[in-house]
Amino acid sequence: MTQRTRILAPDAGGIAEAAALLRAGETVAFPTETVYGLGADARSDDAVAAIFAAKGRPGYNPLIVHVSDAEAARRLADWPDLADRLAQAFWPGPLTLVLPLRAGHGLSPRVTAGLGCVGLRAPATELAQRLLRAASCPVAAPSANPSGRISPTTAAHVLDGLDGRIAAVLDGGPCDVGLESTIVDLTGPEPILLRPGGLPAEALEAAIGAPLLRSDGDATAPTAPGQLTSHYAPRAAMRLNATDARDGERLIGFGPVAGHVTLSHSGDMAEAAARLFDLLRQLDAEGDGPIAVAPIPEKGLGVAINDRLRRAAAPRD
Ligand code: TXA
Ligand code: MG
């Protein structure tokens, strides 16, 4: 179904409009500190179905539910002590906690793809916080891109993929972090890192006081159902760990590897994370020649950057 997608300003009027659309069961994209999310009322089957339809997302892939704070989260899920500690340390922020659903949660079963657990996150941007409070409902929101494509870090990126397929986008400018949230599964006896993201695992491990288990990354049995091997895909072919450009390649540099463009001259990981998706989109729009990327150290945010790059470079079907 096509519709006119409205662009809403990041002010009281825009927030009120966005909240009213959410309450009316419409889909609204909004900025978080990680990436733009495509939101809908998480209690409504039809609203949640509209998210899956707009993105072309398979129904088995559950959605993260956004709440303003831990108090709102506790109404939806069982809340072990560790959830409390992690939420106190890192919420609002780029951390999603997967927890067992609580009786009487009221969420549409489509949100969790029928699983007994839900991913919960309190986003940090003031706009997202104001929107969640104004909507006063839990908001299901995957990244606001067509399924399998690169996540959006500006309102223009959102429109690029979803114009005419969603009711509105709240334009809050570019996202600060630029990578999706870190996802931790707290449903078992030990916490498990399901997806590296905008909160470095080292920070989580320091708060937990122990090393985090990793999901095995086996693409045939992903623990986070959306963690398919090929994801975040630009159209162009990609080559990683490149220190120079081969024939026809456009090289994305980092630190000492200059490149045609760079993620960060100074080798700053936060700057690289914030620029990654925008640079991939720019190069993809410029032409279809292959893209090469300089090595990124596998620590801190570099772990999530490398995860997204490997998925972007993975063979497509
Ligand atoms: O930063 C982010 O997390 C952004 C912003 C908008 O919050 N959202 C985001 O959503 O990246 P999405 O749908 O693109 O990625 C969510 C991932 C998927 O891989 C999904 O399978 C996983 O989280 N997930 C969601 N609910 C889950 C659950 N109950 N159990 C396991 N994995 C879950
Ligand atoms: Mg996504």
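Structural notes, computed from the coordinates. Since we're looking at a predicted model, the values are computed, not measured. (Residues numbered from 1 in each chain as written. Chains lettered and ligands numbered in written order. Predicted model: local features only at pLDDT ≥ 70, side-chain atom pairs only at ≥ 80, totals over all residues. Heavy atoms only, no water.)

### Overview of the overall build of the chain
A tally of regular secondary structure across the chain gives nine helices and 15 strands. Per-residue burial for the chain yields a buried fraction of 54% across its 317 residues. Restricting the contact set of the chain to residue pairs at least 6 apart, pairs at least 24 apart contribute 67%. Looking at the chain as shown, the accessible area adds up to about 13,200 Å², and 52% of this sits on carbon and sulfur atoms. (Helix = DSSP H or I, 4+ residues; strand = E, 2+ residues; numbered from the N terminus. Buried < 20%, exposed > 50% of the residue type's maximum accessible area, 1.4 Å probe, protein only. Contact = heavy atoms within 4.5 Å. Areas by Shrake-Rupley, 256 points an atom, 1.4 Å probe, with all protein chains shown as cover.)

### Thoughts on the side chain of arginine 57
Along the chain, arginine 57 falls in the loop between α2 (45–55) and β4 (64–66). No salt bridge is formed by the buried arginine 57, whose closest oppositely charged neighbour, glutamate 180, lies at an N-O distance of 9.3 Å. Polar contacts involving the side chain of arginine 57 include one to the main-chain carbonyl oxygen of asparagine 61, which spans 3.2 Å. Residues contacting arginine 57, with those up to four places away along its chain left out, are Phe52, Pro62, Leu63, Pro142 and Ser147. (Lys, Arg positive; Asp, Glu negative; His and termini not counted. Salt bridge = Lys/Arg side-chain N within 4 Å of Asp/Glu carboxyl O. Polar contact = N/O pair within 3.5 Å; in protein donor to acceptor, adjacent residues only side chain to side chain.)

### A look at unusual backbone geometry
Residue proline 92 is reached from tryptophan 91 by a cis peptide bond, and omega for that bond is -10°. Tracing the sequence through the fold places proline 92 in the loop between α4 (81–90) and β5 (95–100). The phi torsion at serine 136 lies on the positive side, around 40°, for a residue other than glycine. Of note, serine 136 is situated in the loop between α5 (126–135) and β7 (139–140). Unusually for a residue other than glycine, asparagine 241 sits at a positive phi of about 55°.

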